[in-house]
Amino acid sequence: MKVLLLLGLVAVALCEPVKFVGDKVLRLTPGSEEHVTIIKEIGDKIKVDFWRPDSADLVTIGKTVDIHVPAAQLDMVYTILHQSGMEVTVMLENLQAAVEAQLDKRATKAHGYTKYNDWATISEWVSSIAAANADLISTQVIGNTYEGRPMHLLTIGKKTGSAKPAIFMDCGFHAREWISPAFCQWFVNEAVTTYGTDSEMTTLLDSMDFFVLPVFNIDGYAYSWSNDRMWRKTRSPNSGSNCVGTDPNRNFDAGWCTVGASSNPCSETYCGSSIESEIESKNLANFIRSNKAVVKAYLTVHSYSQMLLFPYSYTYDLAADHSELLSVSRGATSALTSLYGTRYTAGPGAATIYPAAGGSDDWAYDLGVRYSYTFELRDEGFYGFLLPESQIQPTCEETMLAIKYIATHVLNNP
Ligand code: ARG
Ligand code: ZN
């Protein structure tokens, strides 16, 4: 009987998703070096999960820090913070309630553009939207993930029979940033449904191709649905460690593992055992290397913070194309803001968010893809990664305006 009970508990521990009952998300504003040190110590010694920045080592004076504190750790964290005199606000009172509230349309498993879809649903959607739009969409698999899931890539554009300039866009680098894959799906649908009526989209698809990878880190995304909503990294094991996964956006050949990245497999910003150690990174890099002649822009979609970033992040040096990248980012964010007033900050990664090496944006840029941008979609931390489904539509609509602005600039200035 006891054995059975124990087995039952183990089974629950293995299969039940992680629960966040009583966990809180706190926002801290470190006003001094002491505050920064205290936050880093909390990060080192107590099991807290950094939402913004991505890990404790990226914390700097004056920049907002959002941390998810498990219920069991709250007393200790509050004591330390109150003693320090740091400004603390509660962003989410009860994380589990926010996790449950985020799926406000959960009733159906069917695919939808204004809900979050799991990987099985997205993967079926790839086939059905491609089949229904054979004149505009073709698909291919650029390789499999660590766990063997096919990485489907959609090519969207009028088939002309000759080579066209192309824009590569990926979503879902980080598993818990669910609004990102939702945007890639929205983009594909919007492209095919407005082709022929919207003159800008028609020109774009007539003259160029979009390569869209709707979910890059599929294993992590699936795990964020099945086991741990707050999962970020890939799902490959690390030798000599019980911690799983690499931060794919620290795994590229761009100042690899020098700043804003960790060589500790347990860190959320682990850079991996080597450049492109993750098969997903290798598959993406190989595709772009093979299509270098046509790929004019690289767009990678993350959340959250409402920012439009461009190279560099691995150094404070300005990119050779800095002034053009900056002016295009400003045009794109003002187009975005024009719809609902959502405010974006635009600038080079290192100075705008934080220095962090090994990102796919910097890698693509140094490879020769002149227009390289990272989107950090809504919001600014009110819901953070748990953006409610009711915000999918406005987020995607406004983001479309920015993407179309960039694409039109790329088309006219290849
Ligand atoms: N939040 C993103 C990340 O940390 C920002 C990426 C900016 N680009 C970069 N190369 N670090 O992955
Ligand atoms: Zn991200």
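Coordinates for the structure precede this section.
Below or above, wherever it landed, is the structure these notes cover. Keep in mind that what you see is a predicted model, and the values were worked out from it rather than measured.

Scoring rules and cut-offs
- Residues numbered from 1 in each chain as written.
- Chains lettered and ligands numbered in written order.
- Predicted model: local features only at pLDDT ≥ 70, side-chain atom pairs only at ≥ 80, totals over all residues.
- Heavy atoms only, no water.
- Salt bridge = Lys/Arg side-chain N within 4 Å of Asp/Glu carboxyl O.
- Helix = DSSP H or I, 4+ residues; strand = E, 2+ residues; numbered from the N terminus.
- Buried < 20%, exposed > 50% of the residue type's maximum accessible area, 1.4 Å probe, protein only.
- Pairing = 2+ DSSP bridges.
- Axes fitted to C-alpha atoms, helices over the stretch in contact; angles between N-to-C directions.
- Arc of directions from axis to C-beta.
- Contact = heavy atoms within 4.5 Å.
- Near = heavy atom within 4 Å.
- Polar contact = N/O pair within 3.5 Å; in protein donor to acceptor, adjacent residues only side chain to side chain.
- Areas by Shrake-Rupley, 256 points an atom, 1.4 Å probe, with all protein chains shown as cover.
- Nonpolar A, V, L, I, M, F, W, Y, C, P; charged D, E, K, R; others polar.
- Donors = N, O, S within 2.8 Å, 3.2 Å for Na, K, Ca; no water.
- Tetrahedral: all angles 85-135°; square planar, octahedral: opposite > 155°, others 65-115°.
- Core = buried A, V, L, I, M, F, W, Y, C linked by side-chain atoms within 4.5 Å.
- Disulfide = S-S within 2.5 Å.

This next bit is on the pattern of salt bridges. Applying the stated rule across the entire model yields 17 salt bridges. For Asp-66, the salt bridge is made with Arg-27, and the minimal N-O distance between the two is 2.8 Å. Here Arg-27 lies in strand β1 (residues 24-29) and Asp-66 lies in strand β3 (residues 65-69), a separation of 39 residues in the sequence. Comparing Asp-66 with Arg-27, the two get one shared label, buried. Residue Arg-149 pairs with Asp-219 through a salt bridge whose shortest N-O separation is 2.8 Å. Residue Arg-149 is found in the loop between β5 (137-144) and β6 (150-156), and its partner Asp-219 is found in helix α8 (residues 218-226); the two are separated by 70 residues along the sequence. Take Arg-149: its relative accessible area is 24%, and that puts it in the partly exposed class.

An order of β2-β3-β1-β4 is seen for the 4 strands of this open sheet, with the pairing classed as antiparallel. The two strands at the open ends of the sheet, each matched to only one other strand, are β2 (49-52) and β4 (87-92). Mean inter-strand twist for the sheet, computed between neighbouring axes without regard to direction, equals 30 degrees. Note: β2 against β3, 3 bridges, orientation antiparallel. Residue pairing for β3: Phe-50 is matched across the bridge by Ile-67.

The next thing to look at is helix α3 (residues 74-84). Of all the residues in α3, the buried ones are Leu-74, Val-77, Tyr-78, Leu-81 and Ser-84. The arc enclosing the buried residues of α3, seen along the axis, measures out at 130 degrees, which places them on a common side. When the buried face of α3 is taken as reference, the exposed residues oriented beyond 90 degrees from it are Asp-75, His-82 and Gln-83. Buried residues along α3 sit in contact with β1, α2 (33-45), β3 and β4. Backbone geometry just downstream of α3 places Gly-85 in the positive-phi region, at approximately 75 degrees.

A few words on the site of ligand 1. Asp-54, His-174, Asn-249, Arg-250, Leu-309, Ser-313, Tyr-354, Ala-356, Gly-359, Asp-361 and Glu-376 make up every residue found near ligand 1. Taking Asp-54, its side chain carries an N or O atom lying 2.6 Å from an oxygen atom of ligand 1. Residue Asn-249 places a side-chain N or O atom 2.9 Å away from an oxygen atom belonging to ligand 1. Protein chains bury 98% of the 340 Å² of accessible surface belonging to ligand 1 in isolation. Taken together, the residues that form the shell around ligand 1 break down as 3 nonpolar, 4 polar and 4 charged.

Right, let's get into the coordination of the zinc ion (ligand 2). Around the zinc ion (ligand 2), the protein contributes the donor atoms His-174 (ND1), Glu-177 (OE), Glu-177 (OE) and His-302 (ND1), at 2.1 to 2.4 Å from the metal centre. In this structure, the zinc ion (ligand 2) is surrounded by 4 donor atoms whose angles at the metal cover 57 to 150 degrees, and the resulting shape is irregular. In terms of primary sequence, the donors binding the zinc ion (ligand 2) are separated according to H-x2-E-x124-H. Taken together, the residues span a long stretch of sequence, with Glu-177 in the loop between β7 (166-171) and α6 (179-194) and His-302 in strand β9 (residues 295-303) at a distance of 125 residues. Looking at Glu-177, the relative accessible area reads 3%, which means it is buried.

Within the largest apolar cluster, 81 residues are counted, with the highest numbers of intra-cluster contacts made by Ile-156, Phe-168, Phe-187 and Leu-284. The residues touching Leu-284, leaving out its near neighbours within four places in the chain, are Ile-142, Phe-168, Asp-170, Phe-173, Leu-213, Phe-216, Phe-252, Tyr-298 and Trp-363. Formed by 18 residues, the second largest nonpolar core is a distinct cluster that contains Leu-26, Ile-39, Val-65 and Met-86.

Before going further, it helps to spend a moment on the state of the cysteines. Applying the stated criterion across every chain yields a total of 3 disulfides. Between the sulfur atoms of Cys-243 and its disulfide partner Cys-266 the distance amounts to 2.1 Å. Of note, the bridge from Cys-243 to Cys-266 carries an S-S torsion of about 90 degrees and is right-handed in sense. Here the residue Cys-243 occupies a position in the loop between α8 and α9 (279-290), and Cys-266 occupies one in the loop between α8 and α9, the gap between them amounting to 23 residues. Looking at Cys-243, the relative accessible area reads 24%, which means it is partly exposed. Cys-266 sits in the partly exposed class, given a relative accessible area of 42%. Sulfur-sulfur distance for the disulfide between Cys-257 and Cys-271 comes to 2.1 Å. Judged by the sign of its S-S torsion, about -75 degrees, the cystine formed by Cys-257 and Cys-271 is left-handed. Pair noted here: Cys-257 is in the loop between α8 and α9 and Cys-271 is in the loop between α8 and α9, with a separation of 14 residues, a long-range link. Assessed through its relative accessible area of 1%, Cys-271 is described here as buried. Disulfides within the protein chain link the bonded cysteines, taken in sequence order, as 1-2, 3-5, 4-6.

Function cannot be inferred from these measures alone, as they are strictly geometric.
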